[in-house]
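Next come the chains, spelled out residue by residue.
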Amino acid sequence: MSNVNTDASQTIYVVDDDPAVRDALSVVFEMEGFTVRSFADGDAFIEAVKSQVPASVILDVHMPGRSGIDVLKTLSADHYDAPVFIISGQGDIPMAVEAIRSGAFDFIEKPFNADTVVERVREGIAALATRNAAAEAHSGFQGAELLTQREREVLGRITAGASNKEAGRELGISPRTVEVHRARIMEKLGARNAADLVRIVLGH
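Notes on the structure follow. Being a predicted model, the structure only gives us computed values, none of them experimental.

## Re the nonpolar core
Next, step 1: By size, the foremost hydrophobic cluster in this structure holds 35 residues, and its most contacted members are L25, F29, I58, L155 and L197.
Next, step 2: Elements supplying a minimum of two residues to this core: β1 (11–15), α1 (19–31), β4 (84–88), α5 (114–137), α6 (149–159), α7 (164–171), α8 (175–189) and α9 (194–202).
Next, step 3: The greatest single-element share of this core, amounting to five residues, is contributed by α5.
Next, step 4: Ignoring sequence-local partners within four residues, the contact set of I58 consists of I12, Y13, V14, V15, L25, F29, F85, I87, V117 and V121.
Next, step 5: The next biggest cluster of nonpolar side chains, apart from the first, holds 28 residues, and it includes F39, V49, I69 and F107.

Here it is, written out as structure tokens:
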């Protein structure tokens, strides 16, 4: 076991049962100056995060044993201090949506471009760093306690008039992920449309 004290703020955890994916992501992130720890299964990863919170997590949705969704639930990803990205194939969109509901920050579809993954992860880390302030600004309305921090952040963008695409760009997530959050927010607050949401938040 290495006794090197790596800086957690620059450590990426990659959880995937495919060694080729682990190796490819490790090489790319290390070239970008990150430290990478990779795990072949969810159990080893869960054990590791007990002692260190990484800068970000890249997690495969399909793994033998504990699935990516199971890992998210064990992690309480909604309240986790690092963005968790789910890797999913084209046919896994319903599963990716479930992952977002279970607290994943965003999902990355296969086949992916390694440079794009690095860019998305950097954006995710930056967006998460500013999310608490944005969440605090929208915490004084009825039903606010029902929303996760991330949902409040999305709500802040929606009530400011941003489209899904604009909100996604500002928050470092895909428009589809914004859509999932938006549907959950409306369901939790009992809003029928965006105008309803604005009325609830502004107390009109």
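## Some remarks on the pattern of salt bridges
Next, step 1: Across all of its chains, the model carries ten salt bridges by this definition.
Next, step 2: Across the pair D43 and R66 runs a salt bridge whose closest N-O atoms are separated by 2.7 Å. In this pair, D43 is assigned in helix α2 (residues 42–49) and R66 in the loop between β3 (56–60) and α3 (68–75), connecting sequence segments 23 residues apart.
Next, step 3: Under the relative-accessibility criterion, D43 is labelled partly exposed at 43%.
Next, step 4: The partner of E151 in a salt bridge is R184, and the shortest N-O contact between them spans 3.7 Å. In this pair, E151 is assigned in helix α6 and R184 in helix α8, connecting sequence segments 33 residues apart.
Next, step 5: For E151, a relative accessible area of 3% translates into the label buried.
Next, step 6: The partly exposed category is assigned to R184, whose relative accessible area is 22%.
Next, step 7: One continuous salt-bridge network, built from bridges that share partners, spans E151, R184 and K188.

## Let's talk about the environment of G190
Next, step 1: With respect to the secondary-structure elements, G190 resides in the loop between α8 and α9.
Next, step 2: Along the primary structure G190 and G143 are separated by 47 residues, whereas in three dimensions their C-alpha atoms are 9.4 Å apart.

## Let's talk about the sheet that holds β3
Next, step 1: Ordered in space as β2-β1-β3-β4-β5, the five strands form an open sheet in which the pairing is parallel. The sheet is open, and its two edges are formed by β2 (35–39) and β5 (106–109), each paired on a single side. In this sheet, adjacent strand axes meet at a mean angle of 20° when their direction is disregarded.
Next, step 2: Lying on the sheet, α3 is in contact with β3 and β4; it crosses β3 at an angle near 145°.

## Observations regarding the pairing of β3
Next, step 1: Of all five residues in β3, five are buried, a share of seventy percent or more.
Next, step 2: Burial along β3 is two-sided: S56, I58 and D60 facing one way and V57 and L59 facing the other are all buried.
Next, step 3: When β1 meets β3, the two strands line up parallel, connected through four bridges. Along β3, the bridge assignment pairs Y13 with V57.
Next, step 4: Sheet topology places β3 next to β4; four bridges connect them, and they run parallel. Along β4, the bridge assignment pairs L59 with I86.
Next, step 5: Running through α3, the crossover from β3 to the neighbouring parallel element β4 is right-handed.

Analysis parameters
- Residues numbered from 1 in each chain as written.
- Predicted model: local features only at pLDDT ≥ 70, side-chain atom pairs only at ≥ 80, totals over all residues.
- Heavy atoms only, no water.
- Core = buried A, V, L, I, M, F, W, Y, C linked by side-chain atoms within 4.5 Å.
- Buried < 20%, exposed > 50% of the residue type's maximum accessible area, 1.4 Å probe, protein only.
- Helix = DSSP H or I, 4+ residues; strand = E, 2+ residues; numbered from the N terminus.
- Contact = heavy atoms within 4.5 Å.
- Salt bridge = Lys/Arg side-chain N within 4 Å of Asp/Glu carboxyl O.
- Pairing = 2+ DSSP bridges.
- Axes fitted to C-alpha atoms, helices over the stretch in contact; angles between N-to-C directions.
- Right-handed = clockwise from strand over helix to strand, strands pointing away.

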